Amino acid sequence: MTSLFDPLVPRPIDLPTEVPLDGDPSADRLRALDEAKVFAAPADPADRPAWRERLHAWREDARARHGYRGAVYGHPGAAWAARCRTVAQVWLWDELLYSFDEHRFTPERFLADARERFGGLDAVVLWHAYPVIGLDDRNQWDHYRDVPGLAGPGGLVEALHRAGLHVFVDYNPWDVGTRRGADDVTELASLVADLDADGVFLDTLKKADPDLVARLDAARPGVVLEGESKLAVERIEDHATSWAQFFADSPVPGVLRAHWYERRHMQHHVRRWHRDHSEELQSAWLNGVGVMVWEVVFGVWVGWSPRDAATVRRMTAVQRAADDLLLDGEWTPLAELAPEAEAAGVYASRWELDGLTLWTLVNRGEADHTGPVLPHGDGARTPGGTLVDLTGGGRAEAGHATVPGRGVAALLRVADGAPEPEWLPGLLDLLAAAPHDPDARFRHRLAARLRPEAPGTGAAGTPATGGPGPDAAVVPAGPYVLTVRYRARETGMYQGAPYVDEWKPLPPRLHDARTLQRDGTLAAPVAVAASEATNAEFAAFLDATGYEPAFPHRFLAHWEDGRPAPGTEDAPVSFVDLDDARAYCAWRGGRLPTEDEWQLAGEAGGLRRGAPAVWNWTESEHSDGRTRFVMLKGGADYAAEGSEWYVEGGRHAPDRSVKLLLPGLGLARGATVGFRCAWDLPDTDLPGTAPPASAPERTGEAVA
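Here's what I pulled together on the structure shown here. (Residues numbered from 1 in each chain as written. Predicted model: local features only at pLDDT ≥ 70, side-chain atom pairs only at ≥ 80, totals over all residues. Heavy atoms only, no water.)

### Thoughts on the nonpolar core
Applied cut-off: Definition used in this section: a nonpolar core is a set of buried Ala, Val, Leu, Ile, Met, Phe, Trp, Tyr and Cys residues joined via side-chain atoms within 4.5 Å. Three exposure classes are used, based on accessible area relative to the maximum for each residue type with a 1.4 Å probe and protein chains only: buried under 20%, partly exposed in between, and exposed over 50%. Residue contacts follow a heavy-atom distance rule, with two residues in contact if any of their heavy atoms lie within 4.5 Å.
By size, the foremost hydrophobic cluster in this structure holds 181 residues, and its most contacted members are L126, F538, W617 and F675. For L126, the contacting residues outside a window of four places in its chain are V90, L92, L97, Y144, L150, L156, V157, L160, V167, F168 and D170. If you look at the next biggest cluster of nonpolar residues, it comprises 14 residues, including A348, W359, L387 and A396.

In structure tokens form, the structure reads like this:
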């Protein structure tokens, strides 16, 4: 199916809203601006005074109509949000935040990287369940509550708090088809209290229901709510933050409606699939708001360029130092500039408070502008006043400065008789250490690596035993070409980001059925077990080897007193992770099959499914340095219903693959994933070696 829209072009609802400048504005014309994301700015400088007047008139009218009180902004527990400039969205198992080798969270690595490249963070959203939820019946609360080392003394949340960050948890209102507990409001309020979370990110929601707001505030007074898109004017009252996602700006930079309505309402610009963030950074700079740093989008690396990261460092350094100006100063969007600057595509906001005037400047053009910036009368020396080029590192002579092409700059004037702000020397030192031209120190290089296959020796030094049974499917040596079918999820597959530079992927591009081709060569024949390893077989492995996992959380959680539950001996073993499966296969003298070997054997009709059917691990673990993933094969009887965001369930043909992001601390173990073994065969060998004597005969139905 062909998409009916151009995903590289903003949709009509993403576009800025024109502000009527002709005649006296009627109430209806003003009220129509309630629906804006961005107030479009006029191209003609002569129209800008009238444009600003209309913005003031709309705000006064809208506040009166909605009975605005600004209750949430007066709450001490929520005051931090107005100064929250940089937020990172991070998967709990991002390899900067978690070490798979050490089985522990590593916030020190994550924060060091953020300091070096972005100048530090103010908050994080700890992303937890999507895109792995739906693989089994665990609900969104389980994906937080079952994580060792997340809450409590010494936990990840506490460590982030100690480092000065605030922590958002994620709420998925679409999670309706997994294990049910209490209602969502009760569960979320309890989670916020137990994790000591500072805020809640409202996934897929623009706003929370009033009942949810009240219950969350009762659980943790002042908890901050952040919706994913345009926030209704009337709900700015009780939502201290919101995403500026899918917000297209006008050619002449416009004004963010929600932040104009309430200066303390913090918005975070975000374009998750974009490689170039200059436009959203310029909008954030001119509006005095923040950005969402999101480099690993549901397992896909969409890293920020060194240039954009350096821009964030400079922006946040100024914003944090001059936050009183940005919050309480008189804000003049599209302030008057020198004609030469205007002609070069330079625009500015002006902020004035207590003898200080700050200009935040952007350059829409590609070429640097060096020369006059401020109009006559705002020069370097007014009687007793001084103009400082903050981003240029010194005094601005005669109102001249350099504004980099597609970049930002800042000027500060200290008026006659006004004291120099205490923060100015430290800010200049900080900006001097963050050069305009980023060098290799700020480049984040990812070394892609493939986890090596487990060796064919027994676990814990136990000699390998057994081999392929007589019914194993033999995949012959030689070249092969496979067609793999998959559902286009935000995780992508091997090819990287699936929606580069797209605004908002929508069906049929999102979640549509796709194919890819995989080819390779098998150097020797491979035998793939006809059936999955069973509970009884895995128990025999434990008895023979004494195997214990390095991190035992959830290991064989479905067994009773360390043994398979009565009647489940012949069922496929589950609640095992990749390393558990590798250890068993090594004991059998084999290994896990690769995803291609599994598919080749399945398409030849040589594989059976146990009951209940479970997904199969394959030897396909990859890491790009930030995300580990593996390809699952076969499908399972379990299927979560009610949302397209779940991992697909049900039994699937051998050519179907699912990319699963790997969690740590035992959370990869679940009820719906098992495995089967594979063996490398000499060219002259045929499967015929009987399984270990302790292994029962296996039965099951053929793979569909």
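### Side note on helix α9 (residues 278-287)
Residue pairs spaced three or four apart in an α-helix point in one direction, given the helix's 3.6 residues per turn. Note the following rule: Note on conventions: DSSP H or I runs of at least 4 residues are helices, E runs of at least 2 residues are strands, and numbering of each starts at the N terminus.
Among the 10 residues in α9, 9 count as buried, and that is most of the element. Within α9, burial applies to S278, E280, L281, Q282, S283, A284, W285, L286 and N287. After α9 finishes, the residue G288 shows a positive phi value of roughly 70°.

### What about the packing of aromatic side chains?
The condition that has to hold: Stacked, tilted and edge-to-face are the three classes applied to pairs of Phe, Tyr and Trp rings, where Trp contributes its six-membered ring and a pair requires centres within 6.5 Å; stacked means planes under 30 degrees apart, edge-to-face means over 60, and tilted covers the rest.
Going through the model one piece at a time under the given rule, you end up with 34 aromatic pairs. On the basis of an interplanar angle of 25° and a centroid distance of 5.5 Å, the ring pair of W93 and F105 is categorised as stacked. With W93 in the loop between β2 (86-91) and β3 (98-99) and F105 in strand β4 (residues 104-105), this pair connects stretches of sequence that are 12 residues apart. Taking the relative accessible area as the measure of exposure, W93 reaches 2% and is therefore buried. Here the aromatic rings of F541 and W587 are separated by 5.6 Å at their centres, their planes lie at 50°, and the arrangement is tilted. Placement of F541 in helix α14 (residues 535-545) and of W587 in helix α15 (residues 578-587) is noted, with a sequence separation of 46 residues between them.

### Re unusual backbone geometry
Residue P131 is reached from Y130 by a cis peptide bond, and omega for that bond is 15°. For P131, the location among the structural elements is in the loop between β5 (123-127) and α4 (142-145). The linkage connecting P507 with the following residue, P508, adopts the cis geometry, with an omega of 10°. Residue placement: P508 occurs in the loop between β25 (478-487) and β26 (513-522). For F298, which is not a glycine, the phi torsion comes out positive at approximately 50°. Its place among the elements puts F298 in the loop between β13 (296-297) and β14 (300-301).

### Some points on the pattern of salt bridges
Opposite charge on two side chains permits them to pair, given that their charged atoms come into close proximity. We count it as follows: Salt bridges are identified by distance alone: a Lys or Arg side-chain nitrogen within 4 Å of an Asp or Glu carboxyl oxygen.
Under the counting rule described, the total for this entry stands at 54 salt bridges. Close ionic contact of R582 with E621 constitutes a salt bridge, the shortest N to O distance being 2.9 Å. Taken as a pair, R582 in helix α15 and E621 in the loop between β29 (615-616) and β30 (622-623) lie far apart in primary sequence, 39 residues in all.

### A few points about the sheet that holds β5
Selection criterion: Strand pairing is assigned whenever DSSP identifies at least 2 bridges connecting the two strands. Axis lines are fitted through C-alpha atoms, for helices just across the contact stretch, and the angle between N-to-C directions can take any value from 0 to 180 degrees.
Taken together, the 8 strands give a closed barrel; going around it, the order is β2-β5-β6-β7-β8-β9-β11-β12, and neighbouring strands pair in parallel fashion. Taken over all neighbouring pairs, the strand axes of this sheet differ in orientation by 25° on average, direction set aside. Note: β5 against strand β6 (residues 166-171), 4 bridges, orientation parallel. Each residue of the ladder has a partner; that of A123, found in β6, is H166. Running at roughly 160° to β6, helix α6 (residues 184-195) makes contact with β6 and β7 (199-202) of the sheet.

### A short note on the side chain of Q140
Positionally, Q140 belongs in the loop between β5 and α4. A relative accessible area of 0% means that Q140 is categorised as buried. Residues contacting Q140, with those up to four places away along its chain left out, are H128, A129, I133, D170, Y171, N172, D175 and D184.

### What about the sheet that holds strand β19 (residues 386-389)?
Taken together, 6 strands build an open sheet; the order of strands is β15-β16-β17-β22-β19-β20 and the sheet is antiparallel. Looking at strand neighbours, the two that pair on one side only are β15 (330-333) and β20 (394-395), the edges of this open sheet. Where strand β16 (residues 346-353) lies against strand β17 (residues 356-363), 8 bridges are found, and the strand directions are antiparallel. Residue pairing across strands places V346 opposite N363, the latter belonging to β17.

### Here's the deal with the pairing of strand β31 (residues 628-633)
With respect to burial, β31 is a largely interior element, 6 of its 6 residues being buried. Looking at chain direction, β30 and β31 are connected through 2 bridges and run antiparallel. When the sheet's bridge partners are listed, H622 is paired in β31 with F629. Judged from the 5 bridges that link them, β31 and strand β34 (residues 657-661) form a sheet pairing that is antiparallel. Bridge pairing links L632 to V658 in β34.

### Considerations on the side chain of S229
Here S229 lies in the loop between β8 (224-227) and β9 (241-245). On the basis of relative accessible area, S229 is assigned to the buried category, the value being 14%. Look past the residues within four positions of S229 in its chain and what remains in contact with it is K37, L205, K206, S242, W243, Q245 and F247.

### Quick look at the packing of helix α3 (residues 107-118) against helix α10 (residues 306-321)
Stated formally: If an angle is under 35 degrees, it is roughly parallel; if it is over 145, roughly antiparallel; if it lies from 65 to 115, roughly perpendicular; otherwise it is oblique. Ten residue types, Ala, Val, Leu, Ile, Met, Phe, Trp, Tyr, Cys and Pro, are classed as nonpolar, four, Asp, Glu, Lys and Arg, as charged, and the remainder, Gly among them, as polar.
Running from amino to carboxyl end, α3 crosses α10 at an angle of 85°, the nearest separation of the two axes being 7 Å. Looking at the two axes, α3 sits roughly perpendicular to α10. Contact residues: α3 offers E116, R117 and F118, while α10 offers A309, A310, V312, R313 and T316. By residue class, the composition of the contact of α3 with α10 is 4 nonpolar, 1 polar and 3 charged.

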